[in-house]
Structures are given as structure tokens and as C-alpha cells.
Amino acid sequence: STSRSTPAGRGTKRRRVDIAEAVEEYSQKSSSSGYARSASSKGGIDIVEVDSEGKFIKLENTTSKDISLGSWVLEHKAGDQETTFKFHRSLVIKAGKQATVWSSDTETTHNPPTDLVMKGKRWFVADEMTTTLQDTDEVEVATCTMSKSSLRSVSSYSSS
């Protein structure tokens, strides 16, 4: 007869380690800029990245359908400064694609629908930043909050 030597409870512990590794990996990604990031969306457009130096804000269509952002507004608050960007009425983000809205002081070429350069405006930077995307009815479709983090990621796991 064959016997397997599998430690008792190994499946449960293994799952915890996987989750712990995933959480650690996420917090390393999100704190690499020194900011803790939290985001949510409804309606298929995500704010996937807010540059910590104020160069750009990146949106992504996470659905399998093209989404029109015509006349939608991207609003970015950094401390007491605010920047708003209204999308051109004909702008569409294709299914699964991204669009980046660049500050005017970057050397990026305006190339809709993937690269949009604001005219005479820039994304401000502060210790607390909130970015929201609103549709034509001023309903919040996506939001991303970034806060300067001086906390270090310390993880401890117990096997109790």
C-alpha cells in the first residue's frame, strides 16, 4: 500500500500564504510611489493610474463593448487645487482599451482616442488626491483616492 505524507491542514495554510503574497505584492505596487491607492468603479470605466508626479491619469474600458465618454468630466482634486477635463463629445474608448489624459506640460502628442493632452492645464499633486469620472448626468462612474503614505508595510501571519 502507498501512503502520502501530507502535513495536516496544509491546504488551508497554503491558501493563506497565497493570499498573503498577493496582498503583499499589491501593497508594494501601490506604495512604490509613496502613495496608498484605493479605487472603485461602476459602469465599465476604471481609473487605473494617477501619476504621482501629475503627468497623466489613465482610464481603462474593462468591458467587451465600446463606451462613449462624450461630455463626461474627469475631476482631480489635490489638496485645495482642482483640475477638470471635459471629454470631446465624440470620444469613445474601445472595448478593453485604455485612454490617457496628459498634463499640458508633458511632451506628449495629442493622439485621440488613446492619448489626450489637456490645453493649458495640468494635474496637481498633493499628499491627498481624489480623482473622479462623471458621466453626462454628473453621476460618479469611477473614483480613485491616493494618500501619501509614511507607513511601512509590515505583515504578520499566525497559524492559529
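A few points on the structure. (Residues numbered from 1 in each chain as written. Predicted model: local features only at pLDDT ≥ 70, side-chain atom pairs only at ≥ 80, totals over all residues. Heavy atoms only, no water.)

Overview of the pattern of salt bridges
Opposite charge on two side chains permits them to pair, given that their charged atoms come into close proximity. Tallied over the full model, the rule gives four salt bridges. We note a salt bridge from Glu 75 to Lys 77, for which the minimum N-O separation is 3.8 Å. A relative accessible area of 17% places Glu 75 in the buried class. Its relative accessible area of 38% is what places Lys 77 among the partly exposed residues. Residue Asp 105 pairs with Arg 122 through a salt bridge whose shortest N-O separation is 2.9 Å. One end of the pair, Asp 105, is in the loop between strand E8 (98-102) and strand E9 (115-117); the other, Arg 122, is in the loop between E9 and strand E10 (128-134), with 17 residues separating them in the sequence. Note on Arg 122: relative accessible area 29%, which makes it partly exposed. (Salt bridge = Lys/Arg side-chain N within 4 Å of Asp/Glu carboxyl O. Buried < 20%, exposed > 50% of the residue type's maximum accessible area, 1.4 Å probe, protein only. Helix = DSSP H or I, 4+ residues; strand = E, 2+ residues; numbered from the N terminus.)

Let's talk about the sheet that holds E10
An order of E1-E11-E10-E5-E6 is seen for the five strands of this open sheet, with the pairing classed as antiparallel. Looking at strand neighbours, the two that pair on one side only are strand E1 (35-41) and strand E6 (81-86), the edges of this open sheet. On average, adjacent strands in this sheet sit at an angle of 10° to one another, irrespective of strand direction. Note that E1 and strand E11 (residues 140-148) share seven bridges and pair antiparallel. Bridge pairing links Arg 37 to Met 146 in E11. (Pairing = 2+ DSSP bridges. Axes fitted to C-alpha atoms, helices over the stretch in contact; angles between N-to-C directions.)

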